[in-house]
Structures are given as structure tokens and as C-alpha cells.
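Okay, here's what each chain looks like letter by letter:
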Amino acid sequence: MKNIILIGFMGSGKTSAAISLSYRLRRTMVDTDKEIERLHHMTVSEIFERLGEDEFRSMETRCLERLLGRSGGEIISTGGGLPIREENRKLLKRLGTVIYLRVKPETVCTRLEADTSRPLLQGGDKEEKVKCLLEARGPFYESAADFIVDTDEKTTDSIVDEILERAGAAIR
């Protein structure tokens, strides 16, 4: 059974969709950020603060390598920056079917309005940061994805319905 991997920017709905997919398909869900936090006994914010972004990105790569050694059939929700590294995009392709949950900057800002846990959005103009990061990351997400699902103005159920419809036999 193939893994289903959800990639996309923070606030795109990866975690919510992964939980719903896990429930509907009766599969284990893995959140790469939570796995890293569990293994290193620190939050993502603490890792960024103490060890830096480069070390965190290396931890993401090691997490994907560990997931490759598992039996498969999992729903994997990734951190928003994970696909930036070329080696991670290659690992994602080997791991299973990769779905890019695409979101507009305005939607991200609305969804994350009260969220203070995102290290890359701290300080300054949040909307401008989101726009710049999305522009920079979009090509990486697209190159890693088997297909794209737009999530703006959609419920989690409609996003999951679209994933299941479009992925079809590829995820079984």
C-alpha cells in the first residue's frame, strides 16, 4: 500500500486533511514536524531558535529517510518548508503519492491570524512574508507533487473527497 504525502504551505490544511484521510482510510497518520519534536524533545520553534533553520531542514531529511524504512500505507503530513531541499523532493517521490495542497496568501493570513507558533512568520509584516515565501516555495511544491489540490474556500471534507477522487488507484 502506498503512502499518501501532503505537502504545502503552512495553513494550507495539511494536518486537517491528513487526520481526515487517516480516519476515512483507516491508516496511520504521521506529521513530520511532530515526529521531529518527539525525537528531539523540542518544539519546532525551539529547534529554530537553538539550532537554526539549516539543522531543522537536516532533521526533516533524516525523518523522511526513516519513513522510507517503514512498511508504507501511511498518511504523511509534512512541514511547509520540507520540499525546499532537492534531496527531500526526491525522497518524497520515493515515499508515495505526493499531493500539493495549494493556498492563496490571503487564506493563509486569515487561517493563521492568531497563530504565534510559526518561527518564519514572527516579526514584521506577516502578509508580505507569506506572499514572498509562497512565491519562493511554489515551484518546489509543484515539482514534488503528483497533483495539486487548491484548498481556498473549501472544507476539509471536500479537500479529502478531491484527494481520494484524483488519487484513485495510485493510493491503494
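Look a little higher up for the structure.
All values derive from a computational prediction rather than experimental measurement.

Once that is clear, we can look at the side chain of S58. Of note, S58 is situated in helix 4 (residues 53-68). The class of S58 is buried, set by a relative accessible area of 18%. In terms of polar contacts, S58 uses its side chain to reach the side chain of R85, at 3.3 Å.

Time to look at the sheet that holds strand 2 (residues 29-31). Spatial ordering of the open sheet is given by 2-3-1-4-5, a layout of five strands whose pairing is parallel. Lying at the two open borders of the sheet, with one neighbouring strand each, are strand 2 and strand 5 (147-150). Shown here is a sheet whose adjacent strand axes are inclined to one another by a mean of 25 degrees, direction ignored. As judged from the three bridges shared by strand 1 (residues 3-7) and strand 3 (residues 75-77), these two strands associate in the parallel manner. Counterpart to I5 in the pairing with strand 3 is I76.

Among the surface-exposed residues, E106, E127, E128 and E135 lie close enough to one another that they form a single negatively charged patch. At three residues, helix 7 (residues 126-144) tops the list of elements feeding residues into the negative patch. By secondary structure assignment, the location of E106 is in helix 6 (residues 105-111).

Moving on, we get to the packing of helix 1 (residues 14-25) against helix 8 (residues 156-167). Viewed as axis vectors pointing N to C, helix 1 and helix 8 meet at an angle of 65 degrees, and their least axial separation amounts to 9 Å. The handedness of the crossing between helix 1 and helix 8 comes out as right-handed. On helix 8, the residues touching S16, A17, S20, L21, R24 and L25 of helix 1 are T156, D157, I159, V160, D161, I163 and L164. The class makeup of the residues in the contact of helix 1 with helix 8 is seven nonpolar, three polar and three charged.

In this section: unusual backbone geometry. Despite not being glycine, R26 has its phi angle at roughly 55 degrees, a positive value. Along the chain, the position of R26 falls in the loop between helix 1 and strand 2. Overall, the relative accessible area of 75% leaves R26 in the exposed class. In this structure, E153 is a non-glycine residue whose phi angle is positive, near 55 degrees.

Moving on: helix 4. Taking 1.5 Å as the rise per residue, helix 4 with 16 residues should run 22 Å; its terminal C-alpha atoms sit 23 Å apart, in good agreement. Turning to helix 4, its buried residues are F56, R57, S58, M59, E60, T61, C63, L64 and L67. Packing partners of the buried residues in helix 4 comprise strand 2, helix 2 (32-40), helix 3 (44-51), strand 3, helix 5 (86-95) and helix 7.

With respect to the helices and strands, H40 occurs in helix 2. Separated by 20 residues in the primary sequence, H40 and S20 have C-alpha atoms spaced 27 Å apart. Those residues within four positions of H40 in sequence are excluded, and the remaining contacts are I47, M59 and R62.

The rules behind these values
- Residues numbered from 1 in each chain as written.
- Predicted model: local features only at pLDDT ≥ 70, side-chain atom pairs only at ≥ 80, totals over all residues.
- Heavy atoms only, no water.
- Helix = DSSP H or I, 4+ residues; strand = E, 2+ residues; numbered from the N terminus.
- Buried < 20%, exposed > 50% of the residue type's maximum accessible area, 1.4 Å probe, protein only.
- Polar contact = N/O pair within 3.5 Å; in protein donor to acceptor, adjacent residues only side chain to side chain.
- Pairing = 2+ DSSP bridges.
- Axes fitted to C-alpha atoms, helices over the stretch in contact; angles between N-to-C directions.
- Patch = residues over 30% accessible without salt bridge, like charges linked within 9 Å, V, L, I, M, F, W, Y side chains within 5 Å.
- Areas by Shrake-Rupley, 256 points an atom, 1.4 Å probe, with all protein chains shown as cover.
- Salt bridge = Lys/Arg side-chain N within 4 Å of Asp/Glu carboxyl O.
- Lys, Arg positive; Asp, Glu negative; His and termini not counted.
- Charge placed at Lys NZ, Arg CZ, Asp CG, Glu CD.
- Left-handed = near helix turned anticlockwise from the far one by under 90°.
- Contact = heavy atoms within 4.5 Å.
- Nonpolar A, V, L, I, M, F, W, Y, C, P; charged D, E, K, R; others polar.
- Expected span 1.5 Å × (residues − 1).

Remember that the coordinates give geometry; whether it matters functionally is a separate question.
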